[in-house]
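Okay, here's what each chain looks like letter by letter:
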Amino acid sequence: MKTVTFTIEPFTESLKRFKETFKAVQAGRQVERQELVGFTSLEAARNFLTRERLGLLRTIKSRHPNSIYELAKMTGRDLKNVQQDVRILERHGLVRIATRPHGSRKVKVPRVPFEEIALKIAI
């Protein structure tokens, strides 16, 4: 099962992990790929993963819409707001967009590349 992990930790901890990974890559060591989305506070994570965005992820994963327009229809949300949320989710790696031909134009097809979100909080 593929998992994306949300980390909540001070920026200094994220920077430390990045430096360690960078040094390992420079030294030629194998580095395991991790799906991470980092936040510096629980509030920032809450503001990012809103009820609406989580709903979009669930709908994409379970109902496989063939376009963002179809996703908006499925969720009963305004197309412009869905487009904006999908762009934000895509920027953070939580949604991947494929394109497919549809008549004379191309349609953006959203996909979710994981099955679950894990939350990791540094104390």
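In what follows, the accompanying structure is described.

Regarding the pattern of salt bridges
Going through the model one piece at a time under the given rule, you end up with three salt bridges. Each of Arg53, Arg77 and Asp85 takes part in a single network of salt bridges with overlapping partners.

Some remarks on helix α1 (residues 11-26)
The end-to-end C-alpha separation of α1 is 22 Å, in line with the 22 Å expected for 16 residues at 1.5 Å each. At the exit of α1 stands glycine 28, carrying a positive phi of roughly 85°.

Details of helix α3 (residues 51-63)
A rise of 1.5 Å per residue sets the reference length of α3, with its 13 residues, at 18 Å; its end C-alpha atoms lie 18 Å apart and thus fit the reference within 8%. Of all the positions in α3, only Arg53, Leu56, Leu57, Thr59 and Ile60 are classed as buried. Buried residues of α3, seen end-on, are gathered within an arc of 165° and therefore sit on one face of the element. Seen from the open side of α3, the exposed residues pointing more than 90 degrees away from its buried face are Arg51, Arg58 and Ser62. The inward-facing, buried residues of α3 abut α2 (42-48), α4 (68-75), α5 (79-91), β4 (105-111) and β5 (116-121). After α3 finishes, the residue histidine 64 shows a positive phi value of roughly 50°.

Regarding the packing of α3 against α4
Running from N to C, α3 and α4 cross one another at 110°; their axes reach a closest spacing of 10 Å. Accordingly, the angle class assigned to the pair α3 and α4 is roughly perpendicular. On α4, the residues touching Leu56, Thr59, Ile60 and Arg63 of α3 are Leu71, Met74 and Thr75. Classifying every residue of the contact of α3 with α4 by side-chain character gives four nonpolar, two polar and one charged.

Quick notes on the rules
- Residues numbered from 1 in each chain as written.
- Predicted model: local features only at pLDDT ≥ 70, side-chain atom pairs only at ≥ 80, totals over all residues.
- Heavy atoms only, no water.
- Salt bridge = Lys/Arg side-chain N within 4 Å of Asp/Glu carboxyl O.
- Helix = DSSP H or I, 4+ residues; strand = E, 2+ residues; numbered from the N terminus.
- Expected span 1.5 Å × (residues − 1).
- Buried < 20%, exposed > 50% of the residue type's maximum accessible area, 1.4 Å probe, protein only.
- Arc of directions from axis to C-beta.
- Contact = heavy atoms within 4.5 Å.
- Axes fitted to C-alpha atoms, helices over the stretch in contact; angles between N-to-C directions.
- Parallel < 35°, antiparallel > 145°, perpendicular 65-115°, else oblique.
- Nonpolar A, V, L, I, M, F, W, Y, C, P; charged D, E, K, R; others polar.

Function cannot be read off these values alone, since they describe shape.
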